[in-house]
Amino acid sequence: MEIPFTKMHGLGNNYIYIDLFKFDIAEEHLTDLAQGVSDIYTGIGSDGMILIQPSDAADVGMRIFNKDGSEGQSCGNGLRCVAKYAYENGIIQREKFQIETRANIVEAEVSVKADLVQEVTINMGEPILRRQAIPMVGEDTPQVVAEPFTVGDETLDITAVSMGNPHAVFFVDSIDTAPLYELGPIIEKDQRFPGGVNVEFIEVISSRELNFQVWERGSGVTQACGTGACSSVVAAILNGSVQRNEDIIVHLAGGDLVIKWDDNGSVWMTGGADVIASGTYIFNR
Ligand SMILES: N[C@H](CCC[C@H](N)C(=O)O)C(=O)O
């Protein structure tokens, strides 16, 4: 099967995008296809696959699959790339529109110059903080903030936040010595998170800036994670390190995102989205 694709990235977090307005793929192929296109040796190489598709509830819909074939509920970097693609390929003719994910419907706004999208702002909706809605096991509590979390012989303070997908956020003194590879894969599959979890290590630089590293559920270390950056700013606010209603600059490995959690409850994310290549993938699994 010959499958047309576009490879795009948001701050280096790259996915293979398939436009289901133009092409159809049976559901039973999706896991194999996501694994296939993501493989750097036998496929195209990416952090996963994203489907751009019609939606009954919004202007356009999106599904995100991680490198291991697992399906996520949302993807911040992916949403900015979907917004760019939808606008530049005529799926949408407006600069403000809605995108449906498995988690929710978000509001996107593209800033355009010479018919090309330069930057995208997404209202990612409200964070989910209740323990059992993250989901995280244990007696239900309204929030999980700076709670002792023992992994092996280490005890770290965890703050858990969902942006439709689960995130375990840990604050460290220096991002350069964060135990990303040592603890990321262990915490990702920790039994206390029934659906697995994305793992972020955050260094607070000032009241307006965070350093960020991520081990993503289903993809491992990536250059950036938009829902992770949103979760990290919410976690930093809950821990009193930065303020609500202010633009917080999150320095990710692949570049910067501007995140704000406003007093109405919405989390806003602004950043870039770039096309890398397009072509045809030969799917013969
Ligand atoms: N690995 C995530 C999905 C991708 C999220 C990330 N790439 C982003 O930009 O938000 C999960 O399984 O929840």
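Quick caveat, the model's predicted, so the values are computed rather than measured.

> Please provide a residue-by-residue account of helix α4 (residues 226-238), values included.
In this model, α4 (13 residues) spans 18 Å end to end at C-alpha, consistent with the 18 Å of a helix rising 1.5 Å per residue. The buried fraction of α4 amounts to twelve of the 13 residues, a majority that puts the element mostly inside the structure. Those residues of α4 lying buried are Gly226, Thr227, Gly228, Ala229, Cys230, Ser231, Ser232, Val233, Val234, Ala235, Ala236 and Ile237. Gly240 sits one or two positions beyond α4 and adopts a positive phi of about 75°.

> Kindly report on the site of the ligand, identifying the contributing residues and their values.
For the ligand, the set of nearby residues contains 15 residues, the closest of which are Asn13, Tyr15, Glu216, Gly226 and Thr227. At a separation of 2.9 Å, an oxygen atom of the ligand approaches a polar side-chain atom of Arg217. Here the ligand has 370 Å² of accessible area as a free molecule, and 100% of this is covered by the chains. The cavity that encloses the ligand is the largest cavity. Counting residues per element, the ones that place at least two in the shell around the ligand are β2 (13-19), β4 (60-66), α2 (76-88) and α4.

> Can you lay out the environment of Glu119 for me, pointing to particular residues and giving the numbers?
With respect to the helices and strands, the residue Glu119 is situated in strand β8 (residues 116-123). Take Glu119: its relative accessible area is 40%, and that puts it in the partly exposed class. Here the alpha-carbon distance between Glu119 and Arg80, two residues 39 residues apart in the chain, equals 8.1 Å. Once residues within four sequence positions are removed from consideration, Glu119 is found in contact with Glu109, Val110, Ser111, Thr270 and Gly271.

Reading guide: rules and limits
Residues numbered from 1 in each chain as written. Predicted model: local features only at pLDDT ≥ 70, side-chain atom pairs only at ≥ 80, totals over all residues. Heavy atoms only, no water. Helix = DSSP H or I, 4+ residues; strand = E, 2+ residues; numbered from the N terminus. Expected span 1.5 Å × (residues − 1). Buried < 20%, exposed > 50% of the residue type's maximum accessible area, 1.4 Å probe, protein only. Near = heavy atom within 4 Å. Polar contact = N/O pair within 3.5 Å; in protein donor to acceptor, adjacent residues only side chain to side chain. Areas by Shrake-Rupley, 256 points an atom, 1.4 Å probe, with all protein chains shown as cover. 1 Å grid on protein atoms, 1.4 Å probe; cavity = no way out; pocket = protein on both sides within 12 Å on 5 of 7 lines; lining within 4 Å. Sits in = over half its atoms within 2 Å of the grid points. Contact = heavy atoms within 4.5 Å.

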